[in-house]
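Coordinates in review
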Amino acid sequence: MKINNKTVLAILGLISIATIVIALIVFDTRSETENILREYTCPLQEDFVITSPFGYRWGEFHAGIDLSGIELYGSNVYAIAKGVVVRTVVDDDVWGNYVIVRHENNLYSLYAHLSDIIVRERQNINLSEIIGNVGNSGSVVPRPTTESPMRGTHLHFGLFRDGYSQNENAINPVLKMSCFN
Ligand SMILES: [Zn+2]
């Protein structure tokens, strides 16, 4: 094939079309994800305040938000959407008792420092199904003492995409879920 100006133009044209198609596909998946996230509900039904935001604090990355409130200890923690329980861990040094749920579009939610876990791994759960209770297990500040066994009570809530590695996959829930605005 002789390469002339027409051939070059045709190739450039095809490349442009391919770029536009890819951009549209990426944009479409993104907006679909955004819509799904907006439909997610609150993990707590009691009043709470965000006592520690998403991002760097004390030189470490906080891949979630801390929800605290008077008398939250023992209150229900709800699944923010339907999904499958992929992890239930008891007595982790950092997260204490925690649950990770996988949702549509490879999105994940994490609920940590629970007092009790009610669900089991591989269990299918519905939107707003109770997965456990708020607690202060694991590493919480301030630490509970014998005199104040409920000190440090809060729900650490995390949101992730394409996996649940704390640093690589974390999403700021405050920016994506209407529950926190
Ligand atoms: Zn936290």
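This one's a predicted model, so the numbers in the text were calculated from it and none came from an experiment.

A few words on the overall build of the protein. Counting its secondary structure elements, the protein contains 2 helices and 12 strands. Relative to the globule expectation of 16 Å for 181 residues, the C-alpha radius of gyration of the protein, 21 Å, shows a markedly less compact shape. Buried positions account for 31% of the 181 residues belonging to the protein.

A few words now on the nonpolar core. Formed by 35 residues in total, the largest nonpolar core has its most connected members in Y98, V99, V101, Y108, L110, Y111 and L114. Elements represented by at least two residues in this core include exactly β4 (65–68), β7 (96–103), β8 (107–117), β10 (130–134) and β11 (155–161). Looking at this core element by element, the count peaks at 7 residues for β8. Not counting residues up to four positions away in its chain, the partners in contact with V99 are V85, R87, T88, Y111, L114, I117, V119, I131 and G132.

This part covers the pairing of β4. Residues in a regular strand project their side chains so that they alternate between the two faces of the sheet. Two strands pair when backbone bridges link them, and strand β1 (residues 49–52) and β4 are joined in this way by 3 bridges, in the antiparallel orientation. Bridged to I50 within β4 is L67. Relative to β11, β4 is paired through 3 bridges, and the arrangement is antiparallel. Bridge pairing links L67 to L155 in β11.

A few words now on the pairing of strand β6 (residues 83–92). Pairing geometry for β6 and strand β9 (residues 124–125), over 2 bridges, is antiparallel. Residue pairing in the sheet places G83 in a bridge with I125 of β9. Relative to β7, β6 runs antiparallel, the two sharing 6 bridges. In the sheet register, R87 faces β7, and the bridge partner there is I100.

Along the chain, the position of I130 falls in strand β10. Residue classification places I130 among the partly exposed positions, given that 13 C-beta atoms sit within 10 Å. Between the C-alpha atoms of I130 and Y78, which are 52 residues apart in sequence, the distance is 4.5 Å. Once residues within four sequence positions are removed from consideration, I130 is found in contact with N76, V77, Y78 and I118.

For the peptide bond that leads from V141 to P142, omega is -5°, which places it in the cis range. A positive phi angle, close to 60°, is found at N105, a residue other than glycine. Residue position: N105 is located in the loop between β7 and β8. Of note in the backbone geometry, N106 takes a positive phi value of approximately 60° without being a glycine. One can find N106 in the loop between β7 and β8. Owing to 12 C-beta atoms within 10 Å, N106 belongs among the exposed residues under this scheme.

Relative to the helices and strands, I50 is located in strand β1. A residue is classified by how many C-beta atoms lie within 10 Å of it, and I50, with 15 of them, is partly exposed. Sequence separation between I50 and D66 is 16 residues; the distance between their C-alpha atoms is 5.6 Å. Non-local contacts of I50, meaning those with residues more than four positions away in its chain, are made with I65, D66, L67 and F180.

Right, let's talk about the environment of E34 for a bit. Checked against the element boundaries, E34 lands in helix α1 (residues 5–39). C-alpha separation for the pair E34 and K176, spaced 142 residues apart in sequence, amounts to 7.1 Å.

Cut-offs applied
Residues numbered from 1 in each chain as written. Predicted model: local features only at pLDDT ≥ 70, side-chain atom pairs only at ≥ 80, totals over all residues. Helix = DSSP H or I, 4+ residues; strand = E, 2+ residues; numbered from the N terminus. Rg over C-alpha atoms; globule rule 2.2 N^0.38 Å. Buried ≥ 20, exposed ≤ 12 C-beta atoms within 10 Å, placed from the backbone. Core = buried A, V, L, I, M, F, W, Y, C linked by C-beta atoms within 7 Å. Contact = placed C-beta atoms within 7 Å. Pairing = 2+ DSSP bridges.

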